[in-house]
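Take a look at the letters that make up each chain.
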Amino acid sequence: MAEYATNMRMKFPILALILEIITIILFALFVVYDDGKGDHSHDLHSNDTHPKKPMELYPMFQDVHVMIFIGFGFLMTFLKRYGFSSVGINLLLAAFGLQWGLLMQGIWHLVDGKIKVSIFKIINADFSTATVLISFGAVLGKTSPVQLLIMTVLEITIFSINEHLVAEVLHANDVGASMIIHAYGAYFGLAVARMLYRPALRNGHDNDGSVYHSDMFAMIGTVFLWMFWPSFNSAIADPGFTQLTAVINTYLSLAACVLTAYAVSSLVEHTGKLDMVHIQNATLAGGVAVGTCADMDIGPFGAMLIGFIAGIISTLGFKYLSPILASNLGIQDTCGVHNLHGMPGILGGLAGIVAVAFGKKKDGNAAMQAAALASSLGFALIGGAVTGLIMKVPFWGQPPDQNCFDDSIYWEVPKEEEENEESLGHADQSKNKADV
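**Remarks on the overall build of the protein chain**
For the protein chain, the helix and strand inventory stands at 14 helices and two strands. Taken over C-alpha atoms, the radius of gyration comes to 21 Å for the protein chain, in line with the 22 Å a tight globule of 436 residues would show. For the protein chain, the spread of C-alpha atoms along the three principal axes comes to 60 × 50 × 35 Å. Buried positions account for 56% of the 436 residues belonging to the protein chain. Here the contacts in the protein chain between residues at least 6 apart in sequence split such that 83% fall between residues at least 24 apart. A total of about 17,900 Å² of accessible surface is found on the protein chain, and carbon and sulfur atoms cover 68% of it. Charge separation in the protein chain, taken as the distance between the mean sites of 23 positive and 37 negative side-chain charges, equals 3 Å.

**Overview of the packing of helix α3 (residues 83-106) against helix α5 (residues 145-169)**
Viewed as axis vectors pointing N to C, α3 and α5 meet at an angle of 35°, and their least axial separation amounts to 9 Å. Here α3 runs over α5; the crossing is right-handed. The segment α3 lies against α5, with I89, L92, L93, F96, G97, W100, G101, M104 and Q105 engaging P145, L148, L149, T152, V153, I156, T157, F159, S160 and E163. Considering only residue class, the contact of α3 with α5 consists of twelve nonpolar, six polar and one charged.

**Some details on the side chain of Q243**
Structurally, Q243 is set in helix α8 (residues 241-268). Take Q243: its relative accessible area is 16%, and that puts it in the buried class. Excluding residues within four positions of it along the chain, Q243 makes contact with L57, M60, S234, A235, A237 and D238.

**Considering the nonpolar core**
The tendency in soluble globular proteins is for nonpolar side chains to be buried side by side. Core analysis: the largest hydrophobic core is formed by 106 residues, its most contacted members being I123 and I181. Broken down by element, this core gets its largest block of residues, twelve residues, from helix α4 (residues 119-138). Those residues in contact with I181, other than ones at most four positions away along the chain, are F127, A130, T131, I134, F159, A186 and F232.

**Concerning the pattern of salt bridges**
This model, assessed by the stated rule, comprises five salt bridges. Across the pair D295 and K361 runs a salt bridge, and its minimum N-O distance is 3.1 Å. A residue pair is termed long-range when its members are at least 10 positions apart, and D295 in the loop between α10 (285-289) and α11 (299-328) and K361 in the loop between α12 (337-357) and α13 (366-391) qualify at 66 residues.

**Some words on the packing of aromatic side chains**
Scanning the model with the defined rule gives ten aromatic pairs in all. With a centroid separation of 4.7 Å and an interplanar angle of 55°, the aromatic rings of F127 and F232 are classed as tilted. Placement of the pair is F127 in helix α4 and F232 in helix α7 (residues 212-234), with a sequence separation of 105 residues. The exposure classification of F127 matches that of F232, with both residues buried. Between the aromatic rings of F159 and Y184, the centroid separation amounts to 6.0 Å while the plane-to-plane angle is 50°, which identifies the pairing as tilted. Linking F159 in helix α5 with Y184 in helix α6 (residues 178-195), this pair joins segments that are 25 residues apart in sequence. Judged on exposure class, the residue F159 and its partner Y184 are both buried. Within the aromatic cluster, the residues linked to one another by ring pairs are F127, W229 and F232. Above the face of the F395 ring, K11 is positioned so that its terminal group lies 4.6 Å from the ring centre. Seen from the ring of Y197, R194 lies directly overhead, with NZ or CZ sitting 5.4 Å from the centre.

**Here we look at a nonpolar patch on the surface**
A grouping of L17, I21, I25, L29 and F30 is seen on the molecular surface, where their side chains present a nonpolar patch of about 470 Å² in accessible area. Tracing the backbone shows L17 in helix α1 (residues 11-30).

**A few points about α4**
Here α4 contains 20 residues, and its C-alpha end-to-end distance of 30 Å stays within 8% of the 28 Å for a straight helix at 1.5 Å per residue. Counting buried residues in α4 gives 20 out of 20 residues, a clear majority hidden from the surface.

**Topic: empty space enclosed by the protein**
The tally for this structure, following the rule as stated, stands at four cavities of 30 Å³ or more. As a volume, the largest cavity reaches approximately 110 Å³. In this structure, the largest cavity is lined by F72, L75, M76, F78, L133, I134, G137, N281, C335, V337, L340 and H341. Breaking the lining of the largest cavity down by element, the ones donating at least two residues are α2 (58-75), α4 and α12. Its residues assigned to classes, the lining of the largest cavity shows nine nonpolar, three polar and no charged.

**Overview of the state of the cysteines**
The tally for this structure, following the rule as stated, stands at zero disulfides. Cysteine C257 shares no disulfide, and the gap to the nearest cysteine sulfur, in C293, comes to 14 Å. Exposure remark for C257: the relative accessible area of 0% places this residue in the buried category. Free of any disulfide, C404 has its nearest cysteine sulfur in C335, 14 Å distant. Judged by its relative accessible area of 0%, C404 is buried.

Cut-offs and rules
Residues numbered from 1 in each chain as written. Predicted model: local features only at pLDDT ≥ 70, side-chain atom pairs only at ≥ 80, totals over all residues. Heavy atoms only, no water. Helix = DSSP H or I, 4+ residues; strand = E, 2+ residues; numbered from the N terminus. Rg over C-alpha atoms; globule rule 2.2 N^0.38 Å. Buried < 20%, exposed > 50% of the residue type's maximum accessible area, 1.4 Å probe, protein only. Contact = heavy atoms within 4.5 Å. Areas by Shrake-Rupley, 256 points an atom, 1.4 Å probe, with all protein chains shown as cover. Lys, Arg positive; Asp, Glu negative; His and termini not counted. Charge placed at Lys NZ, Arg CZ, Asp CG, Glu CD. Axes fitted to C-alpha atoms, helices over the stretch in contact; angles between N-to-C directions. Left-handed = near helix turned anticlockwise from the far one by under 90°. Nonpolar A, V, L, I, M, F, W, Y, C, P; charged D, E, K, R; others polar. Core = buried A, V, L, I, M, F, W, Y, C linked by side-chain atoms within 4.5 Å. Salt bridge = Lys/Arg side-chain N within 4 Å of Asp/Glu carboxyl O. Phe/Tyr/Trp six-rings, centres within 6.5 Å; stacked < 30°, edge-to-face > 60°. Lys NZ or Arg CZ within 6 Å of the ring centre and 35° of its normal. Patch = residues over 30% accessible without salt bridge, like charges linked within 9 Å, V, L, I, M, F, W, Y side chains within 5 Å. Expected span 1.5 Å × (residues − 1). 1 Å grid on protein atoms, 1.4 Å probe; cavity = no way out; pocket = protein on both sides within 12 Å on 5 of 7 lines; lining within 4 Å. Points joined across faces, edges and corners; volume = space filled by probe spheres on them. Disulfide = S-S within 2.5 Å.

It is worth stressing that arrangement in space is one thing and function is another; only the former is reported here.
Right, here's the structure in full:
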């Protein structure tokens, strides 16, 4: 069948090599090392000290890098037959995305016609790839590598426009990027998922679930993300006390979020047992939600309150809202990014509006904060819908319904592993819960 031309032997290598060759040419023409002269990087916030100490932000960069490549990658390994793709395609998209992000973000900050690369710039490039990896979670298991590379190009390009609008035109504060990364990435991915809706998956799929060991691997991603999230929210904050504030606020918000996520997870299950899906994801919602006002003087209790609310709405979203989105709106959100990034991202944007309105950020403007949230959602929904329509073209090699959530369609999988997975299929932890 033409619509399921899944052989990647020509189309994937050709597209990947063309994209890399184009990127190398653009780097040759426009990208140079940052010598610390004439550029003080204004991607999201100014950080005038970084040219004086070019390696000062390297520890923060390492933490963010770990989140991108290990945290996001392993968080998506919960699917029992899709581990290769979860970690492997995550690496592919992030590696290309950071290159493309450097170019797309750098266009807005040319110095003598050149993009100057510094640690600050590559942190922001990593941030741009996070939007793609969030969206990847919404369509996990239902797209080909070719489709995902196309999504990466378009999503980061649109992201860079919105980021520039939010930071340089609206002058809104979003240091931890609740709006411009999390909300944007989530609703972009949901719009793509809606465009790629598969009626045959309406009642689920045999491989759309976990087994014991796949959930354990996913928890590795959760723990890495949880540990390093304070760096993510504070990496581009103004140095000194402001950056310390961002670290502490994120640290406390995450901690409070864990307790509420565990409590609500037990509460909504009639046996009182904990659901691993909730623990893997909702425990991180506090880091997402506190992002916008991470560097504001909201007080430790304010950060904890945000985390407290985020843990509740995220867990309830996984339990009750995801099935509604799938059955009523045709949005098949594989990883539940709406619950981890979407709703907590909006919560973060709203918290930022309230905090600025109460004077918690010097020179802040609540109206501009609201405009930034609206802009991020608008670019995400429209950009995601257009991208989804482009990705829907049959030529890109999307998997047929029966082969969704299965590595073997795009990867060489060891034979014994295939046999083991077949035998473990009956132990699906997410689909077969004790109903006592």
